[in-house]
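Each chain is listed here by its residues.
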Amino acid sequence: MTIRDAYRRIIEYSPPQEYTNFSVTYRMSTPLSLGHPWINGDGLVAQVLLRRLLGDLFMSLPSKNPIDISALKLPLDQSYGCWHCSVSQFDQEAQMAVTKIYGRFDSFNIDHCTTKKKRIPIVAGHYKSRMVSLPILSTKTVTFYVRGNLDECKWIFGSVPNLGKDRGKGYGQIESMKIEETPEDWSMFRDSVVMRPIPL
């Protein structure tokens, strides 16, 4: 698949325009590693949708000249250029903590080392020893409030195996998912509380 094919698939994707108010609740089995106070629900939908539309090309997209995805139509309602999908809502007992990740040169795998140097520096460069502080959030559930096409969103949210950063280290693993219809659209506001960033 070429970049031209990617643009064609993005433009041709046309989700159904029948919208329902519902919530998506993930039950977590491991803490979340976050680089931001929340997870943007519409960003999550866009990423999963692009993976489906572009297939293997998604992993080899150019990074210096990213493609324009502004033509991508998400299966969500939209008002004034803002998608109807809240940011992640954590349970009231969620607790923030800081853990540390250690990385050091492993002499056990020295035979797989590709460098031709006789001495390997561990104070700088690729094999540098490091200790990274990582903020993690211990939460039982992560909830998104959505107004969108229920059938398309069921597939999209159901294909998410984990959330947040450092997923390869075991953080953000999802145990189960539950979708429930809501009486109102809570994707923007709920009880006078803003549920997502809204551009002015």
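Quick look at the structure, then.

## A few points about the side chain of Ser33
Then comes step 1: Residue position: Ser33 is located in strand β2 (residues 32–33).
Then comes step 2: The exposure class assigned to Ser33 is buried, which follows from its relative accessible area of 0%.
Then comes step 3: Among residues more than four places away in sequence, those in contact with Ser33 are Leu134, Pro135, Ile136, Gly164, Lys165, Asp166 and Tyr171.

## Quick look at the packing of helix α1 (residues 3–12) against helix α2 (residues 41–54)
Then comes step 1: One way to put it is that α1 packs onto α2 with a least axis distance of 10 Å and a crossing angle of 120°. Between α1 and α2, the crossing angle belongs to the class labelled oblique. In terms of crossing hand, the pair formed by α1 and α2 is right-handed. Judged by residue contacts, Ala6, Arg9 and Ile10 of α1 engage Leu50, Leu53 and Leu54 from α2.

## Overview of the nonpolar core
Taken as a class, soluble globular proteins show a tendency for nonpolar side chains to be buried jointly.
Then comes step 1: Counting residues in hydrophobic clusters, the biggest one holds 37 residues, and the most contacted among them are Tyr26, Leu54, Leu72, Val146, Phe157 and Leu163.
Then comes step 2: Among the elements that make up this core, the one with the highest residue count is α2 (8 residues).

## Concerning the environment of Val160
Then comes step 1: One can find Val160 in the loop between α3 (150–158) and β9 (174–181).
Then comes step 2: With 134 residues separating them along the chain, Val160 and Tyr26 place their C-alpha atoms 9.7 Å apart.
Then comes step 3: Among all residues touching Val160, those that are not within four sequence positions of it are Tyr26, Leu44, Val48 and Ile174.

## Overview of a nonpolar patch on the surface
Then comes step 1: A contiguous nonpolar surface patch, about 250 Å² in accessible area, is contributed by Ile3, Tyr7 and Ile11.
Then comes step 2: Its place among the elements puts Ile11 in helix α1.
Then comes step 3: Residue classification places Ile11 among the exposed residues on the basis of a relative accessible area of 52%.

Cut-offs applied
Residues numbered from 1 in each chain as written. Predicted model: local features only at pLDDT ≥ 70, side-chain atom pairs only at ≥ 80, totals over all residues. Heavy atoms only, no water. Helix = DSSP H or I, 4+ residues; strand = E, 2+ residues; numbered from the N terminus. Buried < 20%, exposed > 50% of the residue type's maximum accessible area, 1.4 Å probe, protein only. Contact = heavy atoms within 4.5 Å. Axes fitted to C-alpha atoms, helices over the stretch in contact; angles between N-to-C directions. Parallel < 35°, antiparallel > 145°, perpendicular 65-115°, else oblique. Left-handed = near helix turned anticlockwise from the far one by under 90°. Core = buried A, V, L, I, M, F, W, Y, C linked by side-chain atoms within 4.5 Å. Patch = residues over 30% accessible without salt bridge, like charges linked within 9 Å, V, L, I, M, F, W, Y side chains within 5 Å. Areas by Shrake-Rupley, 256 points an atom, 1.4 Å probe, with all protein chains shown as cover. Salt bridge = Lys/Arg side-chain N within 4 Å of Asp/Glu carboxyl O.

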